[in-house]
Amino acid sequence: MATIKPFLLVLLFSIFSRISSSKTHHPLDPLTREELSLVQLIVKKSYPPRSSPVFHYVALDEPEKHDVLSWLAKPEPEPLPRRAQAILRVHKQTHELVVDLKARKVVSKHVHRGPGFPSLTLEEQTAANDLPLTYGPFLRSAAKRGIDVSQVVCSVFTVGWFAEEKQIRVVKIQCFSKKDTVSVYLLPVEGLTIVVDLDEMRIVEYKDREVAPMPRAEGTEYRLSKLPLPHGPRINDTYHRTFFHACRWMNWEFHVSFDARPGLVISMARIYDPDQKAFRSVMYRGHISELFVPYQDPTEDYYYKTFFDSGEFGFGVSAVSLVPNGDCPSHAVYMDAFYAGPDGTPVHVPNVFCIFERHAGEVMWRHTELAIPHVTIAESRPEVSLVVRMIVTVGNYDHVIDWEFKPSGSIKTQVGLTGILEVKAANYTHADQAAASEEAHGTYLAEHTIGLYHDHFLTYYLDIDVDGATNSFVKKNLVPRRNTNTGHHRTPRKSYWTVVTETARTESEAKIRLGVGPTELVIENPNKKTKPGNPHGYRLIPGPVIHPLLAPDDGPQIRGSFTNYNIWVTPYNKTERYAGGKYVDQSQGEDGLAVWTRRNRKIENEDIVMWHVIGFHHVPCQEDFPMMPTLSGGFELRPTNFFERSAVLKAVPPPPMKADGCGVVEP
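About the cut-offs
- Residues numbered from 1 in each chain as written.
- Predicted model: local features only at pLDDT ≥ 70, side-chain atom pairs only at ≥ 80, totals over all residues.
- Heavy atoms only, no water.
- Disulfide = S-S within 2.5 Å.
- Helix = DSSP H or I, 4+ residues; strand = E, 2+ residues; numbered from the N terminus.
- Buried < 20%, exposed > 50% of the residue type's maximum accessible area, 1.4 Å probe, protein only.
- Contact = heavy atoms within 4.5 Å.
- Salt bridge = Lys/Arg side-chain N within 4 Å of Asp/Glu carboxyl O.
- UniProt positions renumbered as here; feature names shortened; annotations may be inferred.
- Polar contact = N/O pair within 3.5 Å; in protein donor to acceptor, adjacent residues only side chain to side chain.
- Lys, Arg positive; Asp, Glu negative; His and termini not counted.

**Q** Explanation requested: the state of the cysteines in the structure shown.
**A** In this structure the tally under the stated criterion is two disulfides. One disulfide bridge connects Cys154 with Cys175, the sulfur atoms lying 2.1 Å from each other. The chirality of the disulfide connecting Cys154 with Cys175 is right-handed, given an S-S dihedral of about 95°. With Cys154 in strand β5 (residues 152-157) and Cys175 in strand β6 (residues 170-177), the pair connects residues that are 21 residues apart, well separated along the chain. A residue is classified by how much of its surface remains accessible, and Cys154, at 10% relative accessible area, is buried. Here Cys328 pairs with Cys354 through a disulfide, and the sulfurs are 2.2 Å apart. Sign of the S-S torsion, about -90° for the bond between Cys328 and Cys354, identifies this disulfide as left-handed. Of the two residues, Cys328 is situated in the loop between α5 (309-313) and β15 (333-340) and Cys354 in strand β16 (residues 346-369); the sequence distance between them amounts to 26 residues. A residue is classified by how much of its surface remains accessible, and Cys328, at 2% relative accessible area, is buried. Taken N- to C-terminal, the disulfide-bonded cysteines of the protein chain are connected 1-2, 3-4. We note that Cys247 lacks a disulfide partner, and the nearest cysteine sulfur, in Cys354, lies 12 Å from it. For Cys247, a relative accessible area of 2% corresponds to the buried category.

And the structure:
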């Protein structure tokens, strides 16, 4: 059976990341394996032999934006200097370094003395998870509950901040039974408090308060090989593994990069305009800035579970290798990535991104003309788009992150939430008991099993450059009017709506809680206009609207204050990329988007960045158990007076495909 060879999947990938001395480096290419190894060597040489620095984050120290744009404009540019930024833990302190790769030296070193800690490494999480399994008090607690320790796994949870004055780099450990299941998060061992000091790597607090009944493992199996289902034929394909960063597809070109913190980064997105016979800029950089997940159980075992998945654990570090034919279609191509491990050694993540054409059966545009006598004209074009995908697994949840490019000029994002619910064991045997209790804080899903209420707040960083960096943020408010029937235009109509345009001058004027009133939000270039005189623009079609329900003086909401609005706009600043601040673990709300915007800086006709908060309030239901079907949401950036006319008329439709049994073959 032939595999799919989709039309127009001519991906012209420029292979930049080879060696650090290459003259073909794109300025925004991520650090290569060789460069990461060089950073490791340079940094370790800058410390005494026995200092044992632990690498928590290493990434490209990107050139200034104006230097990158200048580089892009030159036909044969010289490579820009390559530098790396590194965050280390040394002797219980957080060190920030900048490394010049060409000069092979550390050019900047700073000790962070404020609140917050860097993201956790995978290795220290593993070490902390192992501590209870040989800890005497825990072994006695397990025996008291009739739990076989050989059937126990443990997991790290960050502790948040609740106005504590003294900060110690600690985490809490929760343990789970894997007896008769691999859905370990569904069988929590309740009633224990285990606190681990990560710098000392030892248990510093332990409490055994109460024994709760253990949920049952029955019905929690999700592996296909273990389920009583018929198995269909398998198609064996050889998948192409390569390294690429610059992509050109149909009328789009953009850059794909990997960062240990946000993971997938899209930059330098430009679209070809056949009328101007040139590529035009749309977005300089886009990625998920933070994911805030506060659980709604204030009891001793769960009150601290208010996670910042990107800042505390790292989306890039938590990205998983994609499964061909499951996570991505058979015609996808893949990209590998590297990040620095705790000792600075490059860690290889194969198949971290996939790129594929999506043929979803959607209609790009159509029209049937019936108004012409004796003539029927029917025209239709199928929707074909290009998708770049990453999947991040942080604990029990998996996040499917897509960036989708359309020939119409639109960029769509989508995040899909799936995986296993966070549950707690409770002494309930029926939903009525849980509903009558003030201690449930969730949905009764199965015997002794409560699925906890929680939120998902995703904040996107969007450095949109509509035909250049100098843009404005425009609110087009839809305002109802009463028809006064004055003058010569008297009609029976009593009402209508019109558009009142408002350009935000400062950051405070751009803060928006969606859902209050109808409005269209547009990033415009006031200096570039169409022939009819409309400013070039891209408008935001928002994602699922969510507002915080926590009290503003609650520690988690102070740290997550960037969710107070769905829209923020700031002047471009290279150092302002993460809505929750640079150091999120145990942060105190002293840094981040809500703090930066207090300066109320000018944003009209400036280089600006839009931040969009989307998300879900999640009330679990039985269909979410034991494996949650993917819940998806996203938003669209859509051209608005950007082109002189619709861009879809010049999009060439793909040839038809015909079915051959269960497969698809070329026509």
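**Q** Hey, could you run me through the environment of Thr459 in this one?
**A** Topologically, Thr459 is positioned in strand β23 (residues 454-464). We classify Thr459 as buried; its relative accessible area is 0%. Spatially, the C-alpha atoms of Thr459 and Phe625 are 27 Å apart, while their sequence positions differ by 166 residues. Setting aside residues no more than four positions away along its own chain, Thr459 makes contact with His287, Ile288, Ser289, Glu290, Phe562, Ala579, Trp611, His612 and Val613.

**Q** I tried to follow the pattern of salt bridges on my own but got confused; where do I start?
**A** Close approach of charged atoms allows side chains with opposite charge to pair. Under the criterion given, the structure shown has 44 salt bridges. Across the pair Arg601 and Glu507 runs a salt bridge, and its minimum N-O distance is 2.8 Å. Of this pair, Arg601 sits in the loop between α8 (593-596) and β29 (606-618) while Glu507 sits in the loop between β25 (495-503) and β26 (519-529), placing them 94 residues apart in sequence. Among the residues examined, Arg601 registers a relative accessible area of 16% and is labelled buried. Between Glu636 and Arg638 there is a salt bridge, and its shortest N-O distance comes to 3.0 Å. Assessed through its relative accessible area of 11%, Glu636 is described here as buried. Its relative accessible area of 35% is what places Arg638 among the partly exposed residues. If you follow the salt bridges from partner to partner, you end up with Asp61, Glu64, Arg83 and Lys574 in one network.

**Q** Sorry if this is basic, but what is going on with the UniProt feature "modified residue: 2',4',5'-topaquinone" (unreviewed entry) in the protein chain here?
**A** Mapped onto this numbering, the UniProt entry gives "modified residue: 2',4',5'-topaquinone" (unreviewed entry) at Tyr397. Examined against the element boundaries, Tyr397 turns out to sit in strand β18 (residues 397-405). What makes Tyr397 buried here is its relative accessible area of 3%. In this structure, Tyr397 is in contact with Tyr295, Val392, Leu417, Thr418, Ile420, Leu421, His454, His456, His618 and Met628, ignoring residues within four places of it in sequence. One polar contact links Tyr397 to His454, side chain to side chain, over a distance of 2.9 Å.

**Q** Is there a simple way to think about the side chain of Glu357 in this case?
**A** Looking at where Glu357 falls in the secondary structure, it is placed in strand β16. One buried charge, Glu357, has no salt-bridge partner; the nearest side chain with opposite charge is Arg358, at 11 Å. Only 2.8 Å separates the side chain of Glu357 from the side chain of Trp249, close enough to count as a polar contact. A polar side-chain atom of Glu357 sits 3.0 Å from a polar atom in the side chain of His359.

**Q** Which parts of the structure should I look at to understand the environment of Pro548?
**A** Take Pro548: it is sitting in the loop between β27 (535-541) and α7 (555-559). Distance from Pro548 to Asn564, taken between C-alpha atoms, is 6.5 Å for residues 16 residues apart in sequence. Discounting chain neighbours no more than four positions away, the residues touching Pro548 are Phe457, Gln557, Thr563 and Asn564.

**Q** What is the right way to look at the environment of Thr368 in this model?
**A** Among the secondary structure elements, Thr368 is positioned in strand β16. In contact with Thr368, not counting residues within four places along its chain, are Thr376, Ile377 and Ala378. Here the side chain of Thr368 touches Arg366 through a polar contact of 2.9 Å, side chain to side chain.

**Q** What is the right way to look at the UniProt feature "domain: Copper amine oxidase catalytic" (unreviewed entry) in the protein chain in this model?
**A** Feature annotation in UniProt assigns "domain: Copper amine oxidase catalytic" (unreviewed entry) to the following positions: residues 245-647. The span residues 245-647 shows a helical share of 5% and a strand share of 51%, and its end C-alpha atoms are spaced 26 Å apart.

**Q** Could you clarify how one ought to interpret unusual backbone geometry in this entry?
**A** Note: most peptide bonds trans; most residues except glycine with negative phi. Following Phe625, the chain continues into Pro626 via a peptide bond in cis, with omega recorded as 0°. Structurally, Pro626 is set in the loop between β29 and β30 (628-640). Located in the positive-phi region is Asp180, a residue other than glycine, with phi close to 65°. Topologically, Asp180 is positioned in the loop between β6 and β7 (192-197). Positive phi, normally seen in glycine, also occurs at Asn351, with a value near 50°.

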